[in-house]
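Structural overview
One-letter residues, chain by chain:
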Amino acid sequence: MSGITIGNKNIGAGERTFIIAEVGQAHDGSLGAAYAYIDAIADSGADAVKFQTHIASAESTVDEPFRVKFSKQDETRYDYWKRMEFKPKEWHGLAEYAKQKGLVFLSSPFSVEAVQLLEEVRVAAWKIGSGEIASSDILDAIIQTKKPVLLSTGMSGYDEIARTVNHLRRAHIPIALFQCTSKYPVSVDDVGLNVIDELRNRFDCPVGLSDHSGSIYPAMAAMALGADVIELHVVFDKRMFGPDTPASITFDELKVIVEAAEAFHKMLANKIDKDTQAKTMQSMREIFNKSISVSRDLDAGTILAPDMLVLKKPGDGIPGSKLEALIGRKLVRDVSMKRLLKWEDVEA
């Protein structure tokens with residue numbers, strides 16, 4: 001499998017899972033909130049922050065319906081996208097601030113104009129949302145930049161995924177694919193972890209999960225299965241306003257996932273040979289294994305019978321395999337049930 005590089009981060013086989021924290025529209029149009037999200041994501045230890053770049057006049061009309069009618073101040077979806085817009089100078093500021101905080105800056109474009117804006121901002125790669133997989137105008141604009149593409153597949157079958165992958169590969173664009181289920185939130189029985197391996201086998205590229213469950217468990221399970229990249233929506237609190245809040249995790253939960261990514265990487269990267277491991281465990285075996293002792297205090301001269309011999313810890317005395325050899329032999333000194341039996345305790 002060929003990996004990809006985003007910024008200074010390598011993604012693919014042998015690498016720690018790349019964690020993308022998705023702000024999306026959680027900033028609710030507030031530039032200050034957007035900066036606060038960058039701070040919190042950096043503090044969590046995630047690798048990248050991702051926004052969405054919406055330019056209302058370039059991507060929408062007043063005829064576009066709300067997916068969920070949540071807004072108390074926007075009469076139409078177009079009005080909402082308009083309120084979510086940041087100016088080019090503001091996007092530049094956010095991108096620069098993210099880089100200063102050690103984060104890869106990403107934002108999904110939803111129009112050719114958004115691609116052009118983000119190219120000026122110098123995004124390190126392109127995240128294409130599930131709804132844009134068939135947007136040839138956006139894809140063609142992205143191809144011109146020659147930057148890697150992270151492609152979500154939440155609304156597509158394998159044929160459509162293959163067409164898009166082939167289109168990108170003909171232009172020599174590095175790609176990674178996300179299993180995604182476009183429900184907000186998605187129940188755990190609809191996450192589709194089996195698709196991760198299927199995408200890897202079919203397309204031989206880095207794969208991962210773009211999760212909308214609002215839970216840490218799908219991401220944890222995906223990492224345990226070897227996912228190369230994880231994307232999750234984040235919010236400061238589950239009571240915050242916004243259409244994606246039910247599909248988001250908190251920053252405390254994000255920190256758990258980042259810690260898990262490091263742990264899973266170490267566990268998957270460091271392979272154990274059981275035979276070698278057994279040899280290094282000899283001292284431990286002696287503590288946990290058992291040796292021959294006596295069931296009660298016995299006097300010198302006692303002839304050992306089966307009911308007098310038992311196995312007790314530790315395992316550095318006479319091994320249990322020698323039990324039959326002791327039956328019928330005479331003790332040459334008193335022995336205590338609190339001690340292991342020794343060869344010098346019995347007649348040669």
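Our subject in this report is the structure included herewith. Per-chain numbering applies: the sequence of each chain, read as written, is numbered from 1 onward. Reporting in this predicted model follows two pLDDT cut-offs: at least 70 for local features of residues, and 80 or more for side-chain atom pairs to be given and counted; totals over whole chains, interfaces and linings ignore these cut-offs and use all residues. For the side-chain quantities, the full set of heavy atoms in the structure was used; hydrogens and water were omitted.

**Focus on the overall build of the chain**
Here a helix means four or more residues in a row that DSSP labels H or I, a strand means two or more in a row labelled E, and each is numbered from the N terminus. When its secondary structure is counted, the chain shows 13 helices and 13 strands. Only C-alpha atoms enter the radius of gyration, while the globule expectation follows 2.2 Å times N to the 0.38, with N the number of residues. Here the C-alpha atoms of the chain give a radius of gyration of 31 Å, more than 25% beyond the 20 Å that 2.2 N^0.38 yields for 348 residues. Overall size of the chain, expressed as C-alpha extent along the three principal axes, is 105 × 45 × 35 Å. Buried, partly exposed and exposed residues are distinguished by accessible area as a fraction of the type maximum, computed with a 1.4 Å probe on protein chains only: under 20%, between the cut-offs, and over 50%, respectively. For the chain, the residues scored as buried account for 47% of the 348 residues in total. What makes two residues a contact is simply this: any of their non-hydrogen atoms within 4.5 Å. Taking the intrachain contacts of the chain between residues at least 6 apart in sequence as the baseline, contacts between residues at least 24 apart amount to 65%. Accessibility throughout is a Shrake-Rupley quantity obtained with a 1.4 Å probe, and a residue counts as covered only by protein chains that appear here. Of the roughly 17,000 Å² of accessible surface on the chain, a fraction of 51% belongs to carbon and sulfur atoms. Side-chain charges in the chain split into 42 positive and 49 negative, and the spacing between the mean points of these groups amounts to 6 Å. Charge assignment in this entry is limited to Lys and Arg as positive and Asp and Glu as negative, and neither His nor the chain termini are counted. Charge placement uses NZ in Lys and CZ in Arg. For Asp and Glu, CG and CD serve respectively.

**Comments concerning the packing of aromatic side chains**
Given two aromatic rings, their pairing is described by the distance between the two centres and the angle made by the two planes. For Phe, Tyr and Trp, where Trp contributes only its six-membered ring, two rings pair if their centres lie within 6.5 Å, and the inter-plane angle classes them as stacked under 30 degrees, edge-to-face over 60, or tilted in between. Taken as a whole and assessed by the stated rule, the structure comprises nine aromatic pairs. Judged by centre distance (4.6 Å) and plane angle (55°), the rings of Y37 and F236 are tilted. Residue Y37 is found in helix α1 (residues 31–44), and its partner F236 is found in the loop between β10 (229–234) and β11 (248–249); the two are separated by 199 residues along the sequence. For F236, a relative accessible area of 40% translates into the label partly exposed. When the ring of F51 is compared with that of W91, the centres are 5.9 Å apart and the planes differ by 80°; the resulting orientation is edge-to-face. Taken as a pair, F51 in strand β4 (residues 48–53) and W91 in helix α4 (residues 88–100) lie far apart in primary sequence, 40 residues in all. F51 sits in the buried class, given a relative accessible area of 0%.

**Comments concerning a nonpolar patch on the surface**
A cluster of nonpolar residues, M281, M284, I287 and F288, forms a patch on the protein surface that exposes about 400 Å² of accessible area. Considering the arrangement of structural elements, one finds M281 in the loop between α11 (274–280) and α12 (282–288). The residues that make up patches have over 30% relative accessible area and no salt bridge, and they are joined within 9 Å when like-charged or within 5 Å when they are Val, Leu, Ile, Met, Phe, Trp or Tyr. For this document, the term salt bridge refers to a Lys or Arg side-chain nitrogen within 4 Å of an Asp or Glu carboxyl oxygen.

**So, helix α10 (residues 251–269)**
Any helix carries an expected span of 1.5 Å times its number of residues minus one. Taking 1.5 Å of rise per residue, 19 residues should cover 27 Å, and α10 covers 27 Å from first to last C-alpha, within 8% of that figure. Summarising the contacts, the buried residues of α10 are in contact with β3 (18–24), α1, α9 (217–224), β10 and β11.

Any functional reading would require information that these geometric values do not contain.
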